[in-house]
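What follows is the residue order along each chain.
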Amino acid sequence: MEYNLADLFESIVDAVPDREALVSYDHPGTGAERRLTYAELDRAANRLAHHLADRGIGPGDHVGLHLYNGVAYLQSVYACLKLRAVPVNVNYRYVEEELVYLFRDADLVALVFDAEFTDRVAGALPRTPALRHLVRVGTPPDGAAAPRIAPVPLAEAEAAGSPARDFGPRSADDRIIVYTGGTTGMPKGVVWRHEDLFFSGMGGGAPTGEPVARPEELAQRVAAGGEGLVFFPTPPLMHGTSMLTAFIAFHFGQKVVVHRKFTPEETLRTLERERVTCVSLVGDAMLRPLVDALAGPLKGTDCSSLFSVSSSGAVLSDTVRAQFRALVPNALLLNNFGSSESGFNGTATDDSGPDQGFRLNVNSRTAVLDPATRRPVAPGEVGRLALRGHVPLGYHNDPAKTAETFFEADGDRWVLLGDMATVGPDGVVTVLGRGSQCINSGGEKIYPEEVEQALKAHPAVYDVLVAGVPDDRWGSRVAAVVQLRPDADPLDLTGIQSHCRTRLAGYKIPRQVVFTDRIQRSPSGKADYRWAKAVASGEAEA
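Reading guide: rules and limits
- Residues numbered from 1 in each chain as written.
- Predicted model: local features only at pLDDT ≥ 70, side-chain atom pairs only at ≥ 80, totals over all residues.
- Heavy atoms only, no water.
- Helix = DSSP H or I, 4+ residues; strand = E, 2+ residues; numbered from the N terminus.
- Rg over C-alpha atoms; globule rule 2.2 N^0.38 Å.
- Contact = heavy atoms within 4.5 Å.
- Areas by Shrake-Rupley, 256 points an atom, 1.4 Å probe, with all protein chains shown as cover.
- Lys, Arg positive; Asp, Glu negative; His and termini not counted.
- Charge placed at Lys NZ, Arg CZ, Asp CG, Glu CD.
- 1 Å grid on protein atoms, 1.4 Å probe; cavity = no way out; pocket = protein on both sides within 12 Å on 5 of 7 lines; lining within 4 Å.
- Points joined across faces, edges and corners; volume = space filled by probe spheres on them.
- Core = buried A, V, L, I, M, F, W, Y, C linked by side-chain atoms within 4.5 Å.
- Buried < 20%, exposed > 50% of the residue type's maximum accessible area, 1.4 Å probe, protein only.
- Salt bridge = Lys/Arg side-chain N within 4 Å of Asp/Glu carboxyl O.
- Disulfide = S-S within 2.5 Å.
- Polar contact = N/O pair within 3.5 Å; in protein donor to acceptor, adjacent residues only side chain to side chain.
- Pairing = 2+ DSSP bridges.
- Axes fitted to C-alpha atoms, helices over the stretch in contact; angles between N-to-C directions.
- Phe/Tyr/Trp six-rings, centres within 6.5 Å; stacked < 30°, edge-to-face > 60°.
- Lys NZ or Arg CZ within 6 Å of the ring centre and 35° of its normal.

Q: I tried to follow the overall build of the chain on my own but got confused; where do I start?
A: Looking only at helices and strands, the chain has 16 helices and 27 strands in total. Taking 24 Å as the expected radius of gyration for a compact globule of 542 residues, we find that the chain reaches 23 Å, a close match to that expectation. A sequence separation of at least 24 residues applies to 67% of the contacts in the chain between residues at least 6 apart. As presented, the chain carries roughly 21,400 Å² of accessible surface, and 49% of it is formed by carbon and sulfur atoms. Placing the 55 positive and 67 negative side-chain charges of the chain at their respective mean positions leaves the two points 1 Å apart.

Q: What is the right way to read empty space enclosed by the protein from this model?
A: Per the stated rule, a full pass over the model turns up 1 cavity of 30 Å³ or more. For the largest cavity, the calculated volume is near 90 Å³. L268, L271, L290, L306 and F324 are the residues nearest the centre of the largest cavity, which is lined by 13 residues in total. For the lining of the largest cavity, the secondary structure elements donating two or more residues are α10 (264–274), β12 (278–281) and α11 (283–295).

Q: Explain the nonpolar core here, please?
A: Grouped burial of nonpolar side chains is what soluble globular proteins tend to show. The biggest cluster of nonpolar side chains holds 107 residues, and the ones touching the most others in it are F103, L111, F198 and F250. By residue number, the principal contributor to this core is helix α3 (residues 71–83), which donates 10 residues. Within the second largest apolar cluster, 28 residues are counted, among which are V230, C303, V328 and L333.

Q: Any chance you could explain the pattern of salt bridges here in plain terms?
A: Pairing is possible between side chains of opposite charge, provided their charged atoms come close. All told, the structure shown has 34 salt bridges when counted by the stated rule. As a salt-bridge pair, E227 and R19 come within 3.9 Å of each other at their nearest N and O atoms. Pair noted here: E227 is in the loop between α8 (216–224) and β10 (230–233) and R19 is in the loop between α1 (5–15) and β1 (20–27), with a separation of 208 residues, a long-range link. Using a relative accessible area of 12% as the deciding quantity, one classes R19 as buried. A single salt-bridge network, built from bridges that share partners, covers D7, E10, D14, D42, K82, R165 and R170.

Q: I would appreciate a short explanation of the state of the cysteines in the present structure.
A: Disulfides are covalent bonds that link the sulfur atoms of two cysteine residues. Evaluated as defined, the whole model comprises 0 disulfides. The structure places no disulfide on C438, whose sulfur is separated from the nearest cysteine sulfur, that of C500, by 17 Å.

Q: Can you walk me through the side chain of T234 in this structure?
A: You can see T234 is positioned in the loop between β10 and α9 (240–251). Of note is the side chain of T234, whose polar atom sits 2.7 Å from the backbone oxygen of S280. Residues in contact with T234, not counting those within four places in the same chain, are N69, S242, F262, T267, V279, S280, L281 and M286.

Q: For this particular structure, what's the right way to read unusual backbone geometry?
A: With glycine set apart, most residues show a phi of negative sign, and most peptide bonds adopt trans. A positive phi angle is found at R374, which is not glycine, with a value near 60°. When you line up the elements, R374 lands in the loop between β17 (366–369) and β18 (383–388). Judged by relative accessible area, R374 falls into the partly exposed class, the value being 26%.

Q: Please explain the sheet that holds strand β27 (residues 512–515) as it appears in this structure.
A: Strand pairing in a sheet takes place through backbone hydrogen bonds and is either antiparallel or parallel in direction. With mixed pairing, 3 strands are arranged side by side in an open sheet as β25-β26-β27. Single-partner strands in this sheet number two, and they are β25 (461–471) and β27. The mean angle between the axes of side-by-side strands here comes to 25°, regardless of whether they run parallel or antiparallel. In the sheet, β25 pairs with strand β26 (residues 475–484) via 10 bridges, with the strands oriented antiparallel.

Q: Explain the pairing of strand β22 (residues 429–434) here, please?
A: Within a regular strand, side chains alternate between the sheet's two faces. Here strand β16 (residues 358–362) runs beside β22; their pairing, made up of 3 bridges, is antiparallel. By the bridge assignment for β22, L360 is matched with V429. Sheet topology places strand β21 (residues 412–423) next to β22; 5 bridges connect them, and they run antiparallel. Bridge pairing links D419 to R434 in β22. In textbook terms, the turn of a hairpin is the stretch between consecutive antiparallel strands, and for β21 and β22 this stretch comprises 5 residues, one of which, G427, has a positive phi near 85°.

Q: Even after reading the chapter, I still don't get the side chain of R288, so can you show me in this structure?
A: Residue placement: R288 occurs in helix α11. Summary of buried charges: R288 has no salt-bridge partner, and the nearest side chain of opposite charge, D284, is 4.1 Å away. Once you skip the residues sitting within four places of it in the chain, R288 turns out to touch S317, V320, K456, V461, Y462 and R485.

Q: Even after reading the chapter, I still don't get the environment of A206, so can you show me in this structure?
A: Position of A206 relative to the elements: it lies in the loop between α7 (194–200) and α8. Residue classification places A206 among the buried residues on the basis of a relative accessible area of 10%. Separated by 198 residues in the primary sequence, A206 and L8 have C-alpha atoms spaced 14 Å apart. Setting aside anything within four residues of it in sequence, one finds A206 in contact with P211, R221 and F252.

Q: Is there a simple way to explain the packing of aromatic side chains in this structure?
A: The geometry of an aromatic ring pair is captured by two quantities: the separation of the ring centres and the angle between the planes. Taken as a whole and assessed by the stated rule, the structure comprises 16 aromatic pairs. Ring plane angle 45° and centroid distance 5.1 Å describe the contact between Y68 and F117, whose orientation is recorded as tilted. Taken together, the residues span a long stretch of sequence, with Y68 in the loop between β3 (62–66) and α3 and F117 in the loop between β5 (108–114) and α5 (118–124) at a distance of 49 residues. For the pair Y68 and F117, a shared accessibility class is recorded, and that class is buried. Just above the ring of Y462 sits the side chain of R288; from NZ or CZ to the centre is 5.3 Å.

Written out as structure tokens, the structure is:
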């Protein structure tokens, strides 16, 4: 047995076959849910895997998952892994042109998709000739287009596929591709070996403890331990934060709860009903509406089971963290930092915020490097975050970007991330922001995340994105796109600037503000800086 994710899952299934593994609320609010034990989830994945194999899908083939959260998503992931096929996440917000790009760039030969995406899939297929097999989940809407390839309903695929676990040997070198980006450029497929992702993204079976020393040890730990933890990944499973949360939960032999889509009120109702212990989410875009619901219409929700809430992929502001802690004082709030290219890097310190900056206690494999020399920077100098050891192989179909981002030094494999940072004499790392979003105003470097943190401390501000726009004198100036709270008092540029003067250096204060009814983010809550810049520049409507 190797560190192969399908092998590891099957070993856990054999250890606790009758333990509840997955609860899926496909239509939150209706009371409709599906419950599967570990053995039932395993058999469902086997059936789909056999169906795909019967259609010629095998080791190394790329299979797209164009799905909302639900049983079908996790079933499809494990079906691919069992076959040694490569699961590829597809952003369900993509329109036809974006799907054409991703389907082609990812070299998809098969696609599992939700029926409501039928029109988009049908429109993309004529320009994606390599895509030869479709599995459809659910019933398409009336009048939906007929794709050039007749989709096989998932129910039929399951009925025809064998539930037997009779697959060939697998390897720790088997692949998963995680597509990331699309908010600052075209999406990129990060190629992970199973073993590397297991240790860097899933903590080697123990994110807060000692990683396993042998693959067999994972199931032994599960068999020796009890149950009772309930993990609730609230972002889309096509986002790395949620997918890794589900894997981590399964590696503990615990229960995973998912909603088809995120709605704060139904999330809280399910948290209370299922006695959820661990919630994962992405930044203020998800935690703030939960806080508002807890303080308003869902006041009194029983959150006593909640042990931890972790955020990754976007920074939690200190204002929202304080509001949550006042409402749910028993829960541990973890402001984690990681990426699709690195897995987990570290957790924010308690004093992280607008005054001190976004400060991280990083793991031993994380460093701040000079991008030119690829050597560690001196304390106080600015460099780029990097991780060594279990890192991805590179970007799919992009050798130039791979060579720029991944390298070997002193016998270690490294990934050089896009986040600019400094390291203090105590080893604490302060993350400044994405280098690609850095605003150069009159020679001064300004990181949008720092300005956003300061703005979110204003009681009238619900959400905000900051971007640089052209300026005749300074080259670029700081512009803020602001969404106010519905009941907020009027706020203008003067009020924004007055608030920021006590928190930011003068050159970082926004010189322009655009108010909008809604900040545009990805389904997972990540910032859409292309949109923000277009709005601030007057090239798009607010």
